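Listed below, chain by chain, are the residues.
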Amino acid sequence: MNPKIEALRSLEEFDHILRDIESDKYPDDSFKGLKASEQFIKIAEKERAKLTRKIDPKVLAQYERIMKRYGGRVVVQVIKEFCGGCYIRLPSELVVRCRTELVTCPNCGRFLYWVK
Ligand SMILES: [Zn+2]
């Protein structure tokens, strides 16, 4: 996978983890109702910050915008030739480009990745 997309996917996972921890519902979902330790939260925040420094600030700003707008998935899979975020059919040149480049869906703006 394109390393740029990999960094964004990892960032998205950190955001989901940190959001889950903050949610009131979280202790019910976690294993045996255990809460995440302070130590884990600190580490996750630090690792997230480290990751953001590796991402182009323009791309990061775009990521934050989409995260705010949709609150959920920002980096989505291309399924055949469809966007996995908004389900529109993507132009075929985009489907080819997302294999090697960082591209976004022309409809929803989410980052696209492709899996063989
Ligand atoms: Zn889309």
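From a predicted model like this one, the values you see are computed outputs, not experimental measurements.

## Points about the overall build of the chain
(1) Moving on: For the chain, the count of helices and strands is 5 helices and 4 strands.
(2) Moving on: In the chain, the order of α-helices and β-strands from amino to carboxyl end is α-α-α-α-β-β-α-β-β.
(3) Moving on: Across the chain, every contact between residues at least 6 apart in sequence was considered, and the portion connecting residues at least 24 apart equals 54%.

## Some points on unusual backbone geometry
(1) Moving on: The phi dihedral of Lys80 falls on the positive side, at around 55°, and the residue is not glycine.
(2) Moving on: Position of Lys80 among the secondary structure elements: in the loop between β1 (75-79) and β2 (82-83).
(3) Moving on: When the 7 C-beta atoms within 10 Å are taken as the criterion, Lys80 is described as exposed.

## Focus: the sheet that holds β1
(1) Moving on: On the basis of which strands lie adjacent, the open sheet formed by 4 strands has the order β2-β1-β4-β3 and mixed pairing. At either end of the open sheet lies a strand with only one pairing partner, and these are β2 and β3 (103-104).
(2) Moving on: In the sheet, β1 pairs with strand β4 (residues 111-113) via 3 bridges, with the strands oriented parallel. Bridging across to β4, Val75 finds its partner in Phe111.
(3) Moving on: The sheet strands contacting helix α1 (residues 3-22) are β1 and β4, and the helix crosses β1 at an angle near 120°.

## Describing the pairing of β1
(1) Moving on: Note that β1 and β2 share 2 bridges and pair antiparallel. Its bridge partner being in β2, Val78 is matched across the sheet by Cys83.
(2) Moving on: The hairpin formed by β1 and β2 contains 2 residues between the paired strands, and Lys80 there has a positive phi angle of roughly 55°.

Thresholds applied
Residues numbered from 1 in each chain as written. Predicted model: local features only at pLDDT ≥ 70, side-chain atom pairs only at ≥ 80, totals over all residues. Helix = DSSP H or I, 4+ residues; strand = E, 2+ residues; numbered from the N terminus. Contact = placed C-beta atoms within 7 Å. Buried ≥ 20, exposed ≤ 12 C-beta atoms within 10 Å, placed from the backbone. Pairing = 2+ DSSP bridges. Axes fitted to C-alpha atoms, helices over the stretch in contact; angles between N-to-C directions.

Function cannot be read off these values alone, since they describe shape.
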